[in-house]
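# Per-entry structural report
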Amino acid sequence: MFFVDTIEVAGLGNRSYLAGGPRTAVAVDPPRDVERVIAAAARRGVRIAFVVETHLHNDYVSGGLELARLTGAAYLVPAGARVAFERVPVGDGDAVEVDAGLTLRALATPGHTPHHTSYILEESRRALAAFTGGSLLIGTVGRPDLVEPRLTGELARAQHASAHRLAAELPDDTAVLPTHGFGSFCSASGAEGDATTTIGHERDSNEALVKDLDSFVADLLAGLDDVPAYYAHMGPANTAGPAPVDLTPPALADSAEIAARLAAGEWVVDLRSRLAFAAGHVSGAVNVEADGQLAVYLAWLLPWGRPVTLLAESPEQLAHAQRELASVGVDRPAAAAIGSPDDWVREGERPRTFRRAGFAELAEAYAVPGRAVILDVRRDSERAGGHIAGSVHIPVHDVRERLGEIPAGTVWVHCAGGMRAAIAASLLDAAGREVVAVDDSFAAASTSGLPMARITPAGSRELPAPAADTVLLDARGPGGRVGAPASDSSPTCSGSAAAPHARRHRTDGDRVDGDGTPASTPDAAGHELGGPAA
């Protein structure tokens, strides 16, 4: 009898796994919040005997070293990964017995990183599941450009070869269980994928397995989008060996301290919903919703190492935010406050507000010359698929640095669904601009009567404004270059377009933008494979 439990890390678009038999188990690519993995093992009544990494992660701080320390498990890391801590180096073909009759075999699958290794769970030499990390994902592969730009082409070719090796050596019914590709920016593309897939399914649909090498590499490299800026700090942290995380509550700040921290140039981040933020907030605060992809977008936008104060509506929201931020190395908030804007502004001051609207209201403003400055904050790839004619494009991750490029006037900010627009609107509002946050699905832009355009291969310049005094500004998020976020709802460690069989993991119609509320994610066993009882 065997089991595989999935531990969703929705905020990062990743999954970790706990797999094993009746007595012992292995944890694969554990998140920094190791308590979830320990709790999953406790529910199963098993001991974690092994912790394995498919690669040194570039998108989050691993909990592997801490989990191994706490449980006494052997820590298996690919031999080619140069690390500064003791571990068991793993090479191609190495195997360990997880439980009686249950074996974990290493399979070298370079491409996402030079040392990337997949692990095949076998029972009596029959392959049950392949933990493919950032190699073979659902419909796509992990992106090859996160290690060293000069290696990108070589690693892209290695991804193709590794995908074909997995398909050649494993039976069609082998479950494929990747770490990335559920919104992660480590994915080479926006593929979202089903809850589960198999080698046979991927053989028929995965871009790495249905395209020839040259076509695959060309398409893969052409589709790479911006890389979140904080990724530059994740590899070094995992190489050095992450310190144990401290999740004790930060010191509470009063209104005077909040004002002083803002005056000192520190970041004050309001974790409440974008609806609540627009209705009233501390002047100068930035809004990144706790229920969205907080870790990705805040770590992407926050100057690395800058002190941050968190404003939460409840202790539970604050605790959740701390766990999310610790996953990307933002370990200790400088301070926090709990309550509402009335508690956070100084006596005699009033909370600041700004408007929210839909595309229908934007269309009305657009029709009057001089009334609207339209800012599109989506990624380059999103904008290429269609945008409001004449709009100016600044991906959300670039807005803070490019405020001076935004023309004078009321700025109407939009993205694909509202979340990134709210972040950008809060940045503009903090800078003293008059702003309207468009909280609407981008699909409504054309149906509202706004003129649409596409970026053609022949020319990628922005189109001129439709009226003399109307400027449209596109601030959509980035998709693959360093410093730009991918979609509002998805981090990205994979590398291709969505596969035809993929299904959305959010039901608000804005998976690309990441603006919706994440689907509920059980601590573990959200997806489970089970072998027959012995």
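## Considering the environment of Arg-47
In this fold, Arg-47 is placed in strand E4 (residues 47–52). In the structure, Arg-47 is positioned 24 residues away from Thr-71 in sequence and 7.9 Å away in space, judged by C-alpha atoms. Beyond its immediate stretch of four places on either side in the chain, Arg-47 contacts Arg-23, Thr-24 and Ala-25.

## Re the sheet that holds strand E16 (residues 335–338)
Spatial strand order, E14-E13-E15-E16: four strands in an open sheet with parallel pairing. Of all the strands in the sheet, the pair left with one neighbour each is strand E14 (286–287) and E16. Bridge analysis of strand E13 (residues 267–270) against strand E15 (residues 308–312) gives four bridges, and the strand direction is parallel. Counted as the bridge partner of Trp-267 is Val-308 from E15. This element, helix H11 (residues 315–326), spans E15 and E16 of the sheet and lies at about 140° to E15.

## Overview of the nonpolar core
Nonpolar side chains in soluble globular proteins tend to end up buried together. Core analysis: the largest hydrophobic core is formed by 67 residues, its most contacted members being Tyr-230, Trp-267 and Val-413. When residues of this core are assigned to their parent elements, the largest contribution, eight residues, is made by helix H10 (residues 294–301). Dropping the residues within four chain positions of it, Tyr-230 is found in contact with Leu-12, Asp-59, Ala-295, Val-296, Ala-299, Trp-300, Trp-304 and Val-328.

## A short note on the sheet that holds strand E10 (residues 126–133)
Within a sheet, adjacent strands bond to each other through the backbone by hydrogen bonds, running parallel or antiparallel. A sheet is described by the order of its strands in space; here six strands give the open sequence E7-E8-E9-E10-E11-E12, paired in mixed fashion. Of all strands in the sheet, those with a lone pairing partner are strand E7 (95–99) and strand E12 (197–198), marking the two edges. Where strand E8 (residues 102–108) lies against strand E9 (residues 117–123), seven bridges are found, and the strand directions are antiparallel. If you follow Ala-106 over to E9, its bridge partner there is Tyr-119. Packed onto the sheet, helix H3 (residues 152–169) meets E8, E9 and E10 and runs at close to 145° relative to E8.

## Regarding the side chain of Glu-123
Residue placement: Glu-123 occurs in strand E9. For Glu-123, a relative accessible area of 19% gives the class buried. Excluding its chain neighbours within four sequence positions, the residues that come into contact with Glu-123 are Met-1, Phe-2, Gly-101, Leu-102 and Leu-128.

## Points about H3
Under the 1.5 Å per step criterion, the end-to-end length of H3 is 26 Å for 18 residues, consistent within 8% with the ideal 26 Å. Taken together, the buried positions of H3 are occupied by Thr-152, Leu-155, Ala-156, Ala-158, Gln-159, His-160, Ser-162, Ala-163, Leu-166 and Ala-167. The secondary structure elements touched by the buried residues of H3 are E8, E9, E10, helix H4 (199–205), helix H5 (207–210) and helix H6 (213–222).

## Concerning helix H13 (residues 359–366)
Buried within H13 are the following residues: Phe-359, Leu-362, Ala-363, Ala-365 and Tyr-366. Projected onto a plane normal to the axis of H13, the buried residues spread over an arc of 165° and lie on a single side.

## Overview of the confidence of the model for the protein
On average, residues of the protein carry a pLDDT of 86, and 84% of them reach 70 or more. This stretch, residues 494–534, has a pLDDT under 50; its non-local contacts, to residues over four places away or in other chains, come to 154 contacts.

## Considerations on the packing of aromatic side chains
Overall, the coordinates contain six aromatic pairs when judged by the stated rule. Residues Tyr-17 and Phe-131 carry aromatic rings whose centres are separated by 5.4 Å and whose planes lie at 55° to one another, so their mutual orientation is tilted. Of the two residues, Tyr-17 is situated in strand E2 (residues 14–20) and Phe-131 in strand E10; the sequence distance between them amounts to 114 residues. A residue is classified by how much of its surface remains accessible, and Phe-131, at 0% relative accessible area, is buried. Note on Tyr-297 and Trp-300: the rings are 6.2 Å apart at their centroids and 20° apart in plane angle, and the pair reads as stacked. Here Tyr-297 and its partner Trp-300 are both found in helix H10, three residues apart, which amounts to about one turn of the helix. Of the two residues, Tyr-297 and Trp-300, neither departs from the other in class, the shared state being buried. Between Arg-378 and the ring centre of Phe-442, over which it is positioned, the NZ or CZ distance is 3.7 Å.

What counts, and at which threshold
Residues numbered from 1 in each chain as written. Predicted model: local features only at pLDDT ≥ 70, side-chain atom pairs only at ≥ 80, totals over all residues. Heavy atoms only, no water. Helix = DSSP H or I, 4+ residues; strand = E, 2+ residues; numbered from the N terminus. Contact = heavy atoms within 4.5 Å. Pairing = 2+ DSSP bridges. Axes fitted to C-alpha atoms, helices over the stretch in contact; angles between N-to-C directions. Core = buried A, V, L, I, M, F, W, Y, C linked by side-chain atoms within 4.5 Å. Buried < 20%, exposed > 50% of the residue type's maximum accessible area, 1.4 Å probe, protein only. Expected span 1.5 Å × (residues − 1). Arc of directions from axis to C-beta. pLDDT = per-residue confidence, 0-100. Phe/Tyr/Trp six-rings, centres within 6.5 Å; stacked < 30°, edge-to-face > 60°. Lys NZ or Arg CZ within 6 Å of the ring centre and 35° of its normal.

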